[in-house]
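# Structural overview for review
If you want the building blocks of each chain, they are given just below.
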Amino acid sequence: MRDKNKISYHKLKKIYNSRHFKFKTTKDLDNFDGIIGQERAEKALEFGLKVKNPKYNIFISGIKGTGRTSYCISKVRENAKKERGNFDWCYVNNFKEPDKPKKIELPSGMGILFREDMDSFVRELISEVPKAFISEEYQKRKNDILKKYQDEKNEVLDYLFDYSKKLGFEIKNVSTGLVFVPLKDGEKISDEEYEYLSEEEKNEYEKNAEAIQLKALEILRKVKLIEKEAKKNLLDFQKMTAHFIVKPSIESMIEKYSEFEKVTQYIKEIEEDVIENVSDFQIIAEEDISINTDVKDFAPRYYVNLIVDNSEKEGVPVIVETNPTYNNLIGVIEYESENSSLRTDFTMIKSGAIHRANGGYLILDALELLRNQHSWTAIKRAIYNREVKIESLRHQLGITDLATLDPETIPIDIKVILIGNPYIYNLLYQYDEDFHKLFKIKVDFDSIMENNLDNQYKMACFINSFCEKENLRHLTREGVFKVLEYSNRIAGSQKKLSTRFNKVTEVLIEADVWASYQGNRYITERNVQKAIAEKRNRNNRIEDRIDELYRDGKIIIDVKGSQVGKINGLSVLDTGDYVFGRPTVITVSSYAGTKGIINIEREVELSGNIHDKGVMILEGYLNEEFCKNRPLNVTSKICFEQSYNGVDGDSASSTELYGILSSIGNIPIKQSFGVTGSVNQKGEIQPVGGITEKVEGYYNICKYFGLTGHQGVIIPAQNIDDLVLDDELIEAVRTGKFSIYAVSTIEEGMEILTDRKFSQIFDAVEKKLEVYSQVVNKGEN
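Criteria and cut-off values
- Residues numbered from 1 in each chain as written.
- Predicted model: local features only at pLDDT ≥ 70, side-chain atom pairs only at ≥ 80, totals over all residues.
- Heavy atoms only, no water.
- Core = buried A, V, L, I, M, F, W, Y, C linked by side-chain atoms within 4.5 Å.
- Buried < 20%, exposed > 50% of the residue type's maximum accessible area, 1.4 Å probe, protein only.
- Helix = DSSP H or I, 4+ residues; strand = E, 2+ residues; numbered from the N terminus.
- Contact = heavy atoms within 4.5 Å.
- Salt bridge = Lys/Arg side-chain N within 4 Å of Asp/Glu carboxyl O.
- 1 Å grid on protein atoms, 1.4 Å probe; cavity = no way out; pocket = protein on both sides within 12 Å on 5 of 7 lines; lining within 4 Å.
- Points joined across faces, edges and corners; volume = space filled by probe spheres on them.
- Nonpolar A, V, L, I, M, F, W, Y, C, P; charged D, E, K, R; others polar.
- Phe/Tyr/Trp six-rings, centres within 6.5 Å; stacked < 30°, edge-to-face > 60°.
- Lys NZ or Arg CZ within 6 Å of the ring centre and 35° of its normal.
- Pairing = 2+ DSSP bridges.
- Axes fitted to C-alpha atoms, helices over the stretch in contact; angles between N-to-C directions.
- Parallel < 35°, antiparallel > 145°, perpendicular 65-115°, else oblique.
- Left-handed = near helix turned anticlockwise from the far one by under 90°.
- Expected span 1.5 Å × (residues − 1).
- Arc of directions from axis to C-beta.
- Patch = residues over 30% accessible without salt bridge, like charges linked within 9 Å, V, L, I, M, F, W, Y side chains within 5 Å.
- Areas by Shrake-Rupley, 256 points an atom, 1.4 Å probe, with all protein chains shown as cover.
- Polar contact = N/O pair within 3.5 Å; in protein donor to acceptor, adjacent residues only side chain to side chain.

Inside soluble globular proteins, nonpolar side chains tend to come together where they are buried. Among the nonpolar cores identified, the biggest contains 52 residues, and Ile60, Ile417, Val443 and Leu475 are the most heavily contacted of them. A total of 7 residues in this core trace back to one element, the largest contributor, which is helix α17 (residues 453–470). Ignoring any residue separated from it by four or fewer positions in sequence, one finds Ile417 in contact with Leu49, Ile58, Ile60, Cys72, Val76, Tyr361, Leu362, Ile363 and Leu364.

Once that is clear, we can look at the pattern of salt bridges. Counted according to the given criterion, the structure contains 46 salt bridges. With a closest N to O distance of 2.7 Å, Arg734 and Glu731 form a salt bridge. Remark: Glu731 and Arg734 occur in helix α26 (residues 727–734); sequence separation between them is 3 residues, near one turn of the helix. Given the relative accessible area of 37%, Glu731 is considered partly exposed. Three or more residues joined by partner-sharing salt bridges are found here, namely Lys13, Lys482, Glu485, Glu525 and Asp727.

Attention shifts here to the layout of surface pockets. As a volume, the largest pocket reaches approximately 1400 Å³. Tyr486, Arg489, Ile532, Arg536 and Glu696 are, among the 49 residues lining the largest pocket, the residues nearest its centre. If you tally residues by element for the lining of the largest pocket, the top one is helix α25 (residues 691–705), at 9 residues. Class assignment for the residues of the lining of the largest pocket results in 15 nonpolar, 14 polar and 20 charged.

Before going further, it helps to examine the packing of aromatic side chains. Taken as a whole and assessed by the stated rule, the structure comprises 21 aromatic pairs. Ring centres 5.9 Å apart and planes at 25° place the aromatic pair Tyr425 and Tyr429 in the stacked group. Of the two residues, Tyr425 and Tyr429 are both situated in helix α15 (residues 422–431); the distance of 4 residues between them amounts to about one turn of the helix. Given the relative accessible area of 42%, Tyr429 is considered partly exposed. When the ring centre of Trp514 is taken as origin, the NZ or CZ atom of Lys530, which lies over that ring, is 5.0 Å away. The ring of Tyr704 has Arg551 sitting right over it, with the charged end atom 5.0 Å from the ring centre.

The strand order across the open sheet built from 7 strands is β23-β24-β22-β21-β26-β29-β30, with neighbouring strands paired in mixed fashion. In the strand order of this sheet, the two ends are held by β23 (596–599) and β30 (739–743), each with one partner. The sheet shows a mean angle of 30° between the axes of neighbouring strands, taken without regard to direction. Two elements, β23 and strand β24 (residues 635–640), share 4 bridges in a ladder whose sense is parallel. Within the sheet, the bridge partner assigned to Ile598 lies in β24 and is Lys637.

What follows concerns helix α27 (residues 746–754). Among the 9 residues in α27, 8 count as buried, and that is most of the element. The complete set of buried residues in α27 reads Ile746, Glu748, Gly749, Met750, Glu751, Ile752, Leu753 and Thr754. Of the residues one or two after α27, Asp755 is the one with positive phi, at around 60°.

Let us look at the packing of α25 against α26. Between α25 and α26, the shortest axis-to-axis distance is 11 Å and the interhelical angle comes to 70°. Regarding the angle of α25 to α26, the classification is roughly perpendicular. Seen along the crossing, α25 lies across α26 with a hand that is left-handed. Contact residues: Val695, Glu696, Tyr699 and Lys703 in α25; Glu728, Leu729 and Ala732 in α26. Across the contact of α25 with α26, the residue classes break down as 4 nonpolar, no polar and 3 charged.

Our next topic: empty space enclosed by the protein. Counted according to the given criterion, the structure contains 1 cavity of 30 Å³ or more. For the largest cavity, the calculated volume is near 50 Å³. Around the largest cavity, the lining residues are Pro54, Ala382, Ile383, Arg386, Ile412, Asp413 and Ile414. Among the residues forming the lining of the largest cavity, the class breakdown is 5 nonpolar, no polar and 2 charged.

A few words on helix α1 (residues 39–50). Here α1 contains 12 residues, and its C-alpha end-to-end distance of 17 Å stays within 8% of the 16 Å for a straight helix at 1.5 Å per residue. Buried within α1 we find Ala41, Ala44, Leu45, Gly48 and Leu49. With its buried residues spanning 130° around the axis, α1 presents them on a single face. When the buried face of α1 is taken as reference, the exposed residues oriented beyond 90 degrees from it are Arg40, Lys43 and Lys50.

Phi is positive for Arg386, which is not a glycine, with a value near 60°. Looking at the secondary structure, you find Arg386 in the loop between α13 (373–385) and β14 (387–388). Owing to a relative accessible area of 39%, Arg386 belongs among the partly exposed residues under this scheme. With a phi angle near 55°, Asn471 is a residue other than glycine that sits in the positive phi range. Look at Asn471 and you get exposed, because its relative accessible area is 70%.

The next point concerns a nonpolar patch on the surface. Together, Tyr423, Leu427 and Tyr431 make up an exposed nonpolar region whose accessible area comes to about 410 Å². Summarising the element assignment, Leu427 is placed in helix α15. When its relative accessible area of 35% is taken as the criterion, Leu427 is described as partly exposed.

Below, the discussion takes up the environment of Tyr302. Summarising the element assignment, Tyr302 is placed in the loop between α9 (295–298) and β7 (305–308). Under the relative-accessibility criterion, Tyr302 is labelled buried at 5%. C-alpha separation for the pair Tyr302 and Ile270, spaced 32 residues apart in sequence, amounts to 7.4 Å. A polar atom in the side chain of Tyr302 sits 2.5 Å from the side chain of Asp273.

Strand pairing within a sheet occurs via backbone hydrogen bonds; the two strands may be parallel or antiparallel. A sheet is described by the order of its strands in space; here 3 strands give the open sequence β3-β2-β7, paired in antiparallel fashion. Each edge of the sheet is formed by a strand with only one pairing partner; in this case those strands are β3 (102–107) and β7. Strand-to-strand twist in this sheet, taken as the mean axis angle between neighbours without regard to direction, amounts to 30°. Of the pairings in the sheet, the one linking strand β2 (residues 87–92) to β3 comprises 6 bridges and is antiparallel in character. Counterpart to Tyr91 in the pairing with β3 is Lys103. With respect to the sheet, helix α7 (residues 261–276) is in contact with β2 and β3, its orientation differing from that of β3 by roughly 130°.

Here's what the structure looks like:
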C-alpha cells in the first residue's frame, strides 16, 4: 500500500480560521449591496452602459442565481439617474387624415401638462360657446342679418306679385309650388267663367301666364341666391363669434408652447377645426358632463393621448418587461364594439415597452423574448431602423380584415439589455446573423469565484444584508463558516466559492426556521447543518431507492476481498434538483484474439461518444506500453454491470484500465476500493468532475455493508482541492475507518489496488500477452 498517496483528513474540506474573522455574529458586519466575485462582468457592464452607439446593446450571460438580474437592474437604474434626455410622447388627431394620427414629442413632464391644458381648453369652450350664442348682442346681430336678407327676399317676391297682377294673374304659394290664378277686373275667374272666355282672351291669358312663369323662375333663382348668401353670412358671423371666443386661449397656448413647432401647428389646426365645428359644442353643452369626465368621452377629437409619461422619472427610463409579447413591446391599437362592428381611433393607441424605454434602457429575459418569435424580430427591426411603428401583428402579416390606423412612427434611442444563460447566447451567436451585429457587449457572469479572504468577508457581509432584508436571525461566526463550506460544495472546489447566491439564501431561510424551533437567538453552525441535511432528505428519494437495491443485494457489489478483472467504478447521478454518487461494478474478460478492447456498451448502443473515446485511449496505452515490437493480440471485453440507461464520459477510463491489466495479468485487485479518474495514452491520471459526490456515494455503500478500515477510494491527484466532504466521512478518515488515495499515474493506482510493485504487474501482463501472441500466431499458421 502506497501510504504516501493517502490524503490527510485535513485536506478533505476547506478549514476556515476564526482568527481571520473578527466578528461574533453577522450583526456586527456592514451591509453589502454590490455583487461579489464578478469583476469581469462588472467592468463589461460599466463599459456597455457608457457606449452610446445603437448597435452596442448588451447580453447578460450567466446561470440563474448568480445575481445577474438583480445586479443588472440596480446598476442600470443607478446609471440612468445620472442621465438626461427623456421625453414624453403623445398621439393627437389628424384632422385631415383621421386614420393617420400625428405624434408629438415633448420634454419630460410637459406631456401631461399639454394634455391638461387641452382638457381645460375644451371645457372652457363647452362653457363659453353656449353663452356667446344666447347672448342679446349675438341674437340681435343674428336677427339683423336674417332681417336684411328677409327684406331682400320679400322685395323680389313683391315685384313678382306686382308683375303678375299687371298681367292679370294672382300668385298663390301652395305646398306643391306656385299656382297662377287668372283675374278679370281684379276678381278671380272660376274655371267655368274661364271656359266662356273668347279664344282671343284665352290666348292672351296663356301668353301672360308663360311670361309670369319665366319671371317667377328668374325671381326664385334670386331668392335662392339670397338665402344662400344669408346662410353664408350667418355662418361667417358664427365663425367670427367662435373666433373671438377661441382666439385668446389659442394665442395663450401658442405662446406657451412656442418652442415646439409640432405643438403650435397642432394648436392652429385645432383652432380651424373648432371654428368649423363650433355648433358641436352647443350640442355637447347640453349633455351632463361632470368635472371628472374624461375629455375623450365627450370631445375625443381634441383629446391628447399621452402614451409615454416620464414626468415622475428621475433620469432616463429603465423598463423591465417580464412578458415581452409582440403587443407588450410594440404597442397595440385597441378596438371597441359599436353597432355590431369594431371601430378604433387615435385615442385607443396604447404604448409598448419600447416606447416607455425610449431614451433609456429596456431589460428583457432572453428566453421569454425568444418564445415570442415575432417579438424577437420586432426588437431587431426597431434597433436597426431606430424607430418603432405601432401596428397589429395581423396587419403586419397581411391577414387583417379590419380597418385600422397608421400612426406616425416614433424615433427611438434605446439600449436593449437581454438576460439569459450561456447556452442561449451561443445559440444566437451561431445561428442569428443579426445578433452579433446588434449585441456587441457580452457581460459574462461566472458561477464561481476565488475563495480568498476578501470574498469570504464579502460573503459574510452579504449574509448580514440578506438577514436584515428578510428579517432573519443573524448567523454566528461558526454558522458563517458552515455556509462558506456549503458554498465550496456548490462550487465543487475548496479554492472556489459559488456565486449562485440563490442556493446560499435558501439555506439561510431554512436555517432560520430550524433556529426558531430551538429558540435560538442566532443561527448556529448546527442550524445550518440541519438545514442542509433536511434539504438533502427532501430531494434524495431516488438515492434512497437505489441504496435499498444495494442493501437487498439486487445490485451486486463487493466491498471486501480481491478479484481478477472486477473493479468498482464511481459515477454520478443527476436528478435535476439533486446530485449523488454511486459505485458501478465494471468487469473485464480477456483472452487471446485480435479484436483489441471491446466496449460492450458501445456494441449495444449504450455508450456515449466521450466514453467511446476513453476506451480507445486504453488500447493506445496498451500498445504504447506493451506492444512496441509486436501487435496487440488480445481481446478484452469491458462491461458496466447492471447498467441499462447508457454510459458516457471518460471518468471511468482509468478504472477500466485497472480492470484490463488485472484481467490480462490474472492479478487480483481489491474490491474494497472505489476508483475514478480519466487516463491518457501515456498512463497519466486526469481530473474528473463530481468528485465529492463520488467519494461520499462509495463511502455510504461501504457503511451499509460495514466499515472495515480497509475500504477507500482512489481519485486523481488534481482533484484533491475539489473535495468538500461532509463531517462524518472526514471523521471516518481521521479514525482510519476509511481512506482516500490520490494518484497521478496508472502505476501508482495499480500498486494501491494490488499491493504489488508495478514492475511485477508489468511482467505478469507482458508474459500473458506473449502467450496470447503465440496462441494467435499458432492459430493463423
